[in-house]
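Per-entry structural report
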Amino acid sequence: MKTRLILFLLMISSILSYTQIVKSIGIKSGVTLSNHDWLHSVFYNRNFEVVPGFYGAITTDIVSKEFWEIYVDLGYYQSCTKNVLNEYSMNTTEMTPAINYRFDFITISPVFRLKTHLKAFTPYIFAGPRMDYYLAEFNNDNALFFKNDINKAIFGFTIGEGLAYRIKNISVFAEYQFFYCFSYMIDKPAEFATSTIERDQVKFNTHIISAGIKYHFKGGE
């Protein structure tokens with residue numbers, strides 16, 4: 001699956017490289033760390049731990065000035081977590097085997113970046129809106145249990161910081177991103193509603209650490 005993703009990103013990048021609007025194009029990949037907040041009915045007792053996932057994207061600068069840029073990220077990421085407690089009763093201390101969940105998303109984000117120049121180094125900060133689209137077919141078997149309950153589109157924003165090093169038309173860079181979600185991954189009436197719990201809701205936010213390489217076309221900053 002990762003091989004198909006890389007081939008898809010390379011195909012898109014080859015198409016975009018011929019358009020005059022693109023000032024630079026790059027690829028980046030890294031690791032995701034997602035914090036999951038599960039609010040379920042009283043018959044569930046879920047305690048989740050962070051599990052690393054994969055992140056990969058193409059990034060294209062469409063406006064590039066000396067101290068600011070506008071670019072678009074199109075990528076794929078995994079939001080992973082692990083349930084480590086009995087999920088069927090709040091009245092027992094019996095432990096069950098850990099259950100891993102992997103939820104997969106396509107993500108697109110137009111981003112505004114502020115940058116400065118320190119010789120060949122360029123530190124920067126960035127922020128922008130984001131939309132994620134749920135990919136049920138790539139989930140692991142445990143996560144597929146929830147596939148009919150998950151919202152296809154999730155909206156949020158991205159903030160982060162990075163550092164690039166450029167030699168001629170090539171730059172390498174490292175980034176930290178925080179994906180914050182406005183909307184819930186799951187938001188539906190609780191299967192066992194009570195006076196205090198009327199909806200089953202799941203929300204997550206994701207930290208991403210990545211590195212990449214970028215090619216700057218002639219005429220770009």
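Scroll up for the structure.
A brief report on the enclosed structure follows. Note that the coordinates shown come from a computational prediction; the quantities given were computed from them, not determined experimentally. (Residues numbered from 1 in each chain as written. Predicted model: local features only at pLDDT ≥ 70, side-chain atom pairs only at ≥ 80, totals over all residues. Heavy atoms only, no water.)

1. Here's the deal with the packing of aromatic side chains
Test applied: Centre distance within 6.5 Å is the pairing criterion for rings of Phe, Tyr and Trp, where only the six-membered ring of Trp is used; planes under 30 degrees apart are then read as stacked, over 60 as edge-to-face, and the remainder as tilted. Numbering of helices and strands runs from the N terminus; a helix is a DSSP stretch of H or I covering at least four residues, while a strand is a stretch of E covering at least two. Exposure categories follow from relative accessible area, calculated using a 1.4 Å probe and restricted to protein chains: below 20% of the type maximum is buried, above 50% is exposed, and the middle band is partly exposed. Should the NZ of a Lys or the CZ of an Arg lie within 6 Å of a ring centre and within 35 degrees of the ring normal, that charge is described as sitting over the ring.
Under the counting rule described, the total for this entry stands at 24 aromatic pairs. On the numbers, 5.5 Å between centres and 40° between planes, the contact of Phe-105 with Phe-204 is tilted. Taken together, the residues span a long stretch of sequence, with Phe-105 in strand 5 (residues 99-115) and Phe-204 in strand 10 (residues 199-216) at a distance of 99 residues. Given the relative accessible area of 1%, Phe-204 is considered buried. With a centroid separation of 5.1 Å and 90° between ring planes, the pair formed by Phe-145 and Phe-146 is classed as edge-to-face. In this structure Phe-145 comes out as exposed when scored by relative accessible area, which is 65%. Chaining the aromatic ring pairs together yields one cluster made of Trp-38, Phe-48, Tyr-101, Phe-103, Phe-145 and Phe-146. Above the plane of the ring of Tyr-184 lies Lys-203, whose end atom (NZ or CZ) is 5.6 Å from the centre.

2. Side note on the side chain of Asn-139
Stated formally: We call two residues contacting when some pair of their heavy atoms lies within 4.5 Å.
Locating Asn-139 in the fold gives a position in the loop between strand 6 (121-134) and strand 7 (153-167). Not counting residues up to four positions away in its chain, the partners in contact with Asn-139 are Arg-102, Phe-103, Asp-104, Tyr-134 and Leu-144.

3. So, the pairing of strand 4 (residues 68-83)
Applied cut-off: Each pair of strands is called paired provided DSSP finds at least two bridges between the two strands.
Pairing of strand 2 (residues 48-50) with strand 4 involves three bridges; the strand directions are antiparallel. Each residue of the ladder has a partner; that of Phe-48, found in strand 4, is Asn-83. In the sheet, strand 3 (residues 53-64) pairs with strand 4 via nine bridges, with the strands oriented antiparallel. Paired with Tyr-55 across the bridge in strand 4 is Tyr-77. Counted between consecutive antiparallel strands, the loop separating strand 3 from strand 4 contains three residues. With 16 bridges joining them, strand 4 and strand 5 adopt antiparallel strand pairing.

4. Side note on a nonpolar patch on the surface
What counts, and what does not: Nonpolar side chains (Val, Leu, Ile, Met, Phe, Trp, Tyr) within 5 Å and like charges within 9 Å form the patches, drawn only from residues with over 30% relative accessible area and no salt bridge. Using the Shrake-Rupley algorithm and a 1.4 Å probe, accessible areas are obtained, with residue cover drawn only from the displayed protein chains. Every case where a carboxyl oxygen of Asp or Glu lies within 4 Å of a side-chain nitrogen of Lys or Arg is listed as a salt bridge.
A contiguous nonpolar patch, built from Ile-27, Leu-118, Phe-121, Leu-163, Tyr-165, Ile-167, Ile-170, Val-172, Ile-213 and Tyr-215 and spanning about 870 Å² of accessible area, is present on the exposed surface. At the level of secondary structure, the elements contributing two or more residues to the nonpolar patch comprise strand 7, strand 8 (170-181) and strand 10. Broken down by element, the residue count for the nonpolar patch peaks at three residues, all from strand 7. You can see Val-172 is positioned in strand 8.

5. Some thoughts on the environment of Glu-69
Keep this limit in mind: Any pair of N or O atoms that falls within 3.5 Å is considered a polar contact. Within protein, one atom must be able to donate a hydrogen and the other to accept it, and sequence-neighbouring residues count only if both atoms are side-chain atoms.
Take Glu-69: it is sitting in strand 4. Linking Glu-69 and Lys-23, residues 46 residues apart in sequence, is a C-alpha distance of 9.9 Å. Once you skip the residues sitting within four places of it in the chain, Glu-69 turns out to touch Asp-61, Val-63, Ser-64, Val-111, Phe-112, Arg-113 and Lys-115. A distance of 3.1 Å separates a polar atom in the side chain of Glu-69 from a polar atom in the side chain of Ser-64. At 2.8 Å, the side chain of Glu-69 forms a polar contact with the side chain of Lys-115.

6. Focus on unusual backbone geometry
The bulk of non-glycine residues show a negative phi, and the bulk of peptide bonds are trans. In the Ramachandran plot, Lys-119 falls in the positive-phi region, its phi being about 60° despite a non-glycine side chain. Mapping Lys-119 onto the fold places it in the loop between strand 5 and strand 6. Given a relative accessible area of 85%, Lys-119 falls into the exposed group. Here the phi dihedral of Lys-168 falls at roughly 55°; this positive angle occurs in a residue that is not glycine. Examined against the element boundaries, Lys-168 turns out to sit in the loop between strand 7 and strand 8.

7. Describing the pattern of salt bridges
Following the criterion strictly, the structure yields nine salt bridges and no others. A salt bridge links Asp-61 to Lys-214; the nearest nitrogen and oxygen atoms lie 3.2 Å apart. Placement of Asp-61 in strand 3 and of Lys-214 in strand 10 is noted, with a sequence separation of 153 residues between them. Lys-214 sits in the buried class, given a relative accessible area of 7%. Put simply, Lys-115 and Glu-69 hold a salt bridge, and the shortest N to O gap is 2.8 Å.

Everything listed here is a matter of geometry and, on its own, says nothing about what the molecule does.
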